[in-house]
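The residues making up each chain are set out below.
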Amino acid sequence: MSNLTQPPTASLSAPIAETADVLEVIGLKGSADAYYLAQRFLERTEPMIVIADQEKRAEAICANLASYLGIPNPYRKRVGLGETGGVVLPFPASGGVPFDGTSPNGEVTQRRIVALAGMIDPTRPRIVVASIPAVMELLMPLELFRNAEIVLEVGQEIGIDSLIARLVEWGYMRTGMVEDPGNISLRGGILDLYSPIY
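Here's what I pulled together on the structure shown here. (Residues numbered from 1 in each chain as written. Predicted model: local features only at pLDDT ≥ 70, side-chain atom pairs only at ≥ 80, totals over all residues. Heavy atoms only, no water.)

1. Observations regarding the sheet that holds strand β2 (residues 88-91)
At step 1: Pairing is parallel in the open sheet, where 3 strands are placed in the order β1-β3-β2. One side of each edge strand has no neighbouring strand; the edge strands of this open sheet are β1 (48-52) and β2. For this sheet the average axis-to-axis angle between neighbouring strands, irrespective of direction, equals 20°.
At step 2: Inspection of the sheet shows β1 paired to strand β3 (residues 127-131) by 5 bridges, in the parallel sense. (Pairing = 2+ DSSP bridges. Helix = DSSP H or I, 4+ residues; strand = E, 2+ residues; numbered from the N terminus. Axes fitted to C-alpha atoms, helices over the stretch in contact; angles between N-to-C directions.)

2. So, the packing of aromatic side chains
At step 1: Going through the model one piece at a time under the given rule, you end up with 1 aromatic pair.
At step 2: A ring pair is formed by Tyr 35 and Tyr 68, whose centres lie 5.4 Å apart and whose planes are at 80°; its orientation type is edge-to-face. With Tyr 35 in helix α1 (residues 32-44) and Tyr 68 in helix α2 (residues 55-69), this residue pair connects regions lying 33 residues apart in the sequence. (Phe/Tyr/Trp six-rings, centres within 6.5 Å; stacked < 30°, edge-to-face > 60°.)

3. Quick notes on the nonpolar core
At step 1: Ranked by size, the top nonpolar core spans 19 residues in total, and within it Leu 37, Ile 61, Leu 65, Leu 69, Val 88, Ile 127 and Val 129 carry the most contacts.
At step 2: Of the residues forming this core, the biggest block, 6 residues, is contributed by α2.
At step 3: Residues contacting Ile 127, with those up to four places away along its chain left out, are Phe 41, Met 48, Val 50, Leu 65, Leu 69, Val 87, Val 88 and Leu 89.
At step 4: Core analysis: the next-biggest nonpolar cluster, separate from the first, contains 12 residues, Phe 91, Ala 117, Ala 130 and Ala 134 among them. (Core = buried A, V, L, I, M, F, W, Y, C linked by side-chain atoms within 4.5 Å. Buried < 20%, exposed > 50% of the residue type's maximum accessible area, 1.4 Å probe, protein only. Contact = heavy atoms within 4.5 Å.)

In structure tokens:
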């Protein structure tokens, strides 16, 4: 249930043409931008990408959108696509410097993967919130990202060694115990894995 059941003013979206693909909203103060975006999302239920000027502003928009939509703040709780909270998805900047040899923070990588997967999933509209630095970073080609998906079904037979090799190739880390997104562990004949998006 939405927290925006009774907006205090007439619809802000009314004067906007139904065919507007790109919308620039300026001049809103505080959390007014998130309020407007939440109302527009509830009225039209379409995918949205919100780009903020800075990372801190993107985090604030995420928190305010979550509040207005009555869902968990995605910066306080890990949110995957399989959870009800996966409506607002942060797409943070990796924070790394290209070619410096360091890996980005695991939580940041997980958030970026979840947001990318959410953007290409047509089954449910989502709001992806990013900063300018985040959208300026290079990404792998879309088809390569789509082909990285591994779908496992109950009763399916698959070679465990080839599955582990593919998971490691795509960035999973073998650990003794699975604790974080992107971890896998083989104990006996049981493969334990923590998907970054569920």
